[in-house]
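Okay, here's what each chain looks like letter by letter:
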Amino acid sequence: MTERDPTPARPEEPHAMDEADVPEEELAAAEPTRHLDIGLALNEDLTCEYKGSKLSSLTMEGTVQVRVTTRHEEGPAASDRQPVPFFLVFRDHSGHIKALQENKKFVENVTHEQGDAIANREFTYTIKVPREEEYFPVVRYKCGNSLRPVPIRVQSRVRTQGKHVRIALQISSNPQNPSDLVHLTIIMSVPPGVRGDSLKCNPPGGVWNESKRVVLWCVSELGGGEKFQLQSVFEIEEEFLDSLEGDLDFPVLARCQCSGAQLSDVALEVSNVGSDIFPAEVSKSVVRRFRVSHKDPMDDMLEEFSE
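Please read these numbers as outputs of a predicted model, since none were measured by experiment.

Trainee: Describe the overall build of the protein, with residues and values.
Mentor: Per the secondary structure count, the protein includes four helices and 17 strands. Looking at the protein as a whole, 38% of its 307 residues qualify as buried. Summarising the internal contacts of the protein: among those between residues at least 6 apart in sequence, 78% fall at separations of at least 24. Of the accessible surface of the protein, which amounts to about 18,600 Å², a share of 46% is contributed by carbon and sulfur atoms.

Shown next as structure tokens:
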């Protein structure tokens, strides 16, 4: 007969798992999650020059700026974080862009010179900025002749009657504009021999600048298809009447902008670099704006005032 030990057997304690026993997907889930919120600002500038009623030149340029905000579920404070790179994809499927220029301080080009990128009009850049919560310019572009938008139309007519000169001016907004035009500024140059201080205008609101010899009007908003019309009357100096030949010239510069819209078909996307060194979830927001400068052939004084 076999003797038994009266002491009950102690259950075995479970052994602690080391990292080698933990599945890789669980380890990855335990890492603090990094979120990159990418703010993109796309600004386009359209400049039209006219001689008479005919368009003599049109240029359009754009810039892309980026701002990075990093959020961690846990991890180092913002001041201790290292800048994290990400991919910016620039798409031009309509072929509006004729030239691209990258800011080498913040951009490493990935696909700019590859055949597929050129054929598809898609360009991928690696972006790395030195600081967060601040916009940095990364790409500039110029549009070709295939894109010729006309957000506004400026028409003027000058008529001399005795010792007075009358100017009729009309600014028209294109009905197809994607949003209202705002901050419309109209600058009209007054030639020598015309008394700028004698200005009478309807509707009222024109401001005479004697040192620059220009009149300034400001219009807060112009909706799609709307028109802004004004009539201006000046007196002609007596000694100038005898030498007056033909109509006087009153060059006009009109400027405005449109928020939440763009003129080209450029599209922007972002993604993470797909590296184990810089794992991150990436999201984006885009702010769009275009500005328009419509001008007649101008004298140096009007150019200087408009800057």
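Structure's up, so let's keep going.
Trainee: Quick rundown of the sheet that holds strand 2 (residues 54-72)? Include the residues and the values.
Mentor: The sheet built from nine strands is open, its strands ordered 4-7-2-1-17-15-10-13-12 with mixed pairing. If you trace the sheet from one side to the other, it starts and ends with strand 4 (97-102) and strand 12 (207-209), each paired once. When the angles between neighbouring strand axes are averaged without regard to direction, this sheet yields 20 degrees. Here strand 10 (residues 181-189) runs beside strand 15 (residues 252-259); their pairing, made up of five bridges, is antiparallel. Each bridged residue has a counterpart across the sheet, and for V182 the counterpart in strand 15 is Q257.

Trainee: So, the side chain of S198: which residues are in play, and what are the values?
Mentor: As for its placement among the helices and strands, S198 is situated in strand 11 (residues 194-202). On the basis of relative accessibility, which here comes to 12%, the residue S198 falls in the buried class. In terms of polar contacts, S198 uses its side chain to reach the backbone carbonyl oxygen of R195, at 2.6 Å. Separated by 2.8 Å, the side chain of S198 and the backbone nitrogen of E235 make a polar contact. When sequence neighbours within four positions are dropped, the list of residues in contact with S198 reads V233, F234 and E235.

Trainee: Got a sec to walk through the environment of P151? Specific residues and values, please.
Mentor: Tracing the backbone through its elements, the reader meets P151 in the loop between strand 7 (136-143) and strand 8 (152-161). It is 8.6 Å that separates the C-alpha atoms of P151 and L181, two residues lying 30 residues apart in sequence. For P151, the residues in contact, after removing those within four places along its chain, are L46, S172, S173, N174, N177, L181, L263, F290 and V292.

The rules behind each value
Residues numbered from 1 in each chain as written. Predicted model: local features only at pLDDT ≥ 70, side-chain atom pairs only at ≥ 80, totals over all residues. Heavy atoms only, no water. Helix = DSSP H or I, 4+ residues; strand = E, 2+ residues; numbered from the N terminus. Buried < 20%, exposed > 50% of the residue type's maximum accessible area, 1.4 Å probe, protein only. Contact = heavy atoms within 4.5 Å. Areas by Shrake-Rupley, 256 points an atom, 1.4 Å probe, with all protein chains shown as cover. Pairing = 2+ DSSP bridges. Axes fitted to C-alpha atoms, helices over the stretch in contact; angles between N-to-C directions. Polar contact = N/O pair within 3.5 Å; in protein donor to acceptor, adjacent residues only side chain to side chain.

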